[in-house]
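# Architecture and fold: a report
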Amino acid sequence: MSEAFNKPRVAVLGLGYVGCVSAACLARQGYEVTGIDPDAYKVDCVLRGAAPFYEPGLDDLVRETVAAGALRATTSLAEGIAGMDIALVCVGTPSERNGNLSTAALYRVANDLRPLLQDRPGPLVVAIRSTVFPGTCEEVVMANIGPRAIVVANPEFLREGAALRDFLEPSLIVVGGEPDAARRVASLYAGLGAEPCLVSLRTAEMIKYACNTFHAVKIAFANEIGTLAARLGVSGEEVMETVCRDEKLNLSAAYLKPGFAFGGSCLPKDLRALVYRASRLDVDLPLLTSVLPSNDAHLKRAAGDVLDLSGRIGIFGLAFKENTDDLRESPTVTLIESLIGKGREVRVYDPHIKLDQLHGSNRSFVLSAIPHIGRLLETDLAGMLAWAEHVVVTQKPDSRAEAVLAASGIPTLRLDRAPRC
Ligand SMILES: NC(=O)c1ccc[n+]([C@@H]2O[C@H](COP(=O)([O-])OP(=O)(O)OC[C@H]3O[C@@H](n4cnc5c(N)ncnc54)[C@H](O)[C@@H]3O)[C@@H](O)[C@H]2O)c1
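Nothing here was measured: the structure is a model prediction, and the numbers come from that model.

### Topic: the domain arrangement of the protein
- What the domain assignment reports for the protein is domain 1 (2–201) and domain 2 (293–414).
- For domain 1 and domain 2, the distance between their C-alpha centres works out to 50 Å.

Have a look at this one:
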């Protein structure tokens, strides 16, 4: 294979926004690249040394790389794929009428490649750059491409309008799948300043959806806050600019790990008030209005998982999070209420809760939800573990408690972490 001595030769399938930018940028990085697209207009543009659509800087880059002989283009898959080491698949995956993504172009690519790969001396590494739902690489591409290809997922994160810079200074590089092939694809981006994240195939596919939906949620959030602020005569820009100055809690990894439902004395109360006041002002805030129902749905899912456990259930953590004795709007209190309502035997241990030391709204909240909480509260972890047949962890234990839980050997459901499938 040529790459044993040189850089790998790269075919790029699809000369749209992602494919043409990828092809031209890789050619600039010194790779020999062939772009393949059934659209003769796009191929002609590239062959003439022009970008097939407007993207800042792309016209110049295509002209330079074509002139240097680093970038070629063809409408023929057979011609374009011959002698290539890596194929980057950048075909479209548009929405279908029902919202599902169309994998028709990917299916076609896999089926068209299959006979062309049969006589290759070694397998072709096929990296799917198109955005695809988890499972698509396996179910659509691997299921049809035949044995002469190794398929990895390599989602693209560039933004139109800043695509060249995003490609050459990537915010994130993700490659998922068979490790050797994933490393070879990651090596294409060596020197671009981002350490590649090598993950499983489905994780790579899911990461792209997580990123795009996160971006969409951020925009909708900022727009809803901005709309409400404007209605209140407040500058939404100033609010959001100031919010963004907090890089500990706001623009950070804080609150971004899947785990248990939120609660406590602030988040539910303040969301409720904001949504209520907005509705009185006739300001429609669908995203913010959906947050408490989303949290309730998450709590219900957790309750369902706990109800699936047999026998006596010991719960670690009663407060809404670790290192506090605040029980107000603790989702664990609601969880225990529903377990008791279903007739389940429950005991609970929380390192910071002593019923006789609770006062005011904190005490009244838990007593109105679970009047006999005193009978359920264990004062030491060992006592609860000696009684329980299953343990449910709702808040992060400290290292000592973690060791005691692990040593107990009792089957444990971790609600403080991402749910397991
Ligand atoms: N546009 C973006 O900013 C962006 C960013 C990241 C990821 N993505 C994802 O990348 C993928 C491509 O997006 P795009 O905007 O470049 O799409 P696009 O529609 O601009 O380009 C797709 C290209 O694929 C070509 N094509 C179709 N069938 C083909 C085949 N069998 N062989 C070779 N080429 C074929 C089409 O002719 C077209 O030129 C999508 O899955 C998209 O969701 C897009």
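### A look at the site of the ligand
- Gly14, Gly16, Val18, Ser130 and Thr131 are the nearest of the 25 residues found near the ligand.
- Those elements that provide at least two residues to the shell around the ligand are α1 (17–28) and α5 (104–117).
- Split by residue class, the shell around the ligand holds eleven nonpolar, seven polar and seven charged.

### Concerning the nonpolar core
- Counting 68 residues, the largest nonpolar core has Val89, Val126 and Val152 as the members making the most contacts within it.
- Element by element, the count of residues in this core is highest for α1, at nine residues.
- Not counting residues up to four positions away in its chain, the partners in contact with Val126 are Ala87, Val89, Val141, Ile145, Ala149, Ile150 and Val151.

### Brief notes about the environment of Arg63
- Positionally, Arg63 belongs in helix α3 (residues 58–67).
- On a C-alpha basis, the gap between Arg63 and Val125 in space is 28 Å, while along the polypeptide they are 62 residues apart.
- Arg63 has contacts with Gly49 and Ala50, leaving out every residue within four places of it along the chain.

### Describing the environment of Val346
- Considering the arrangement of structural elements, one finds Val346 in strand β10 (residues 346–349).
- With 19 C-beta atoms packed within 10 Å, Val346 lands in the partly exposed category.
- C-alpha separation for the pair Val346 and Gly360, spaced 14 residues apart in sequence, amounts to 25 Å.
- Contacts of Val346, omitting those with residues within four sequence positions, involve Ile313, Ile315, Ile336, Leu339, Ile340 and Leu376.

Reading the values: rules and limits
Residues numbered from 1 in each chain as written. Predicted model: local features only at pLDDT ≥ 70, side-chain atom pairs only at ≥ 80, totals over all residues. Domains from an automatic or database assignment. Near = placed C-beta within 6 Å. Helix = DSSP H or I, 4+ residues; strand = E, 2+ residues; numbered from the N terminus. Nonpolar A, V, L, I, M, F, W, Y, C, P; charged D, E, K, R; others polar. Core = buried A, V, L, I, M, F, W, Y, C linked by C-beta atoms within 7 Å. Buried ≥ 20, exposed ≤ 12 C-beta atoms within 10 Å, placed from the backbone. Contact = placed C-beta atoms within 7 Å.

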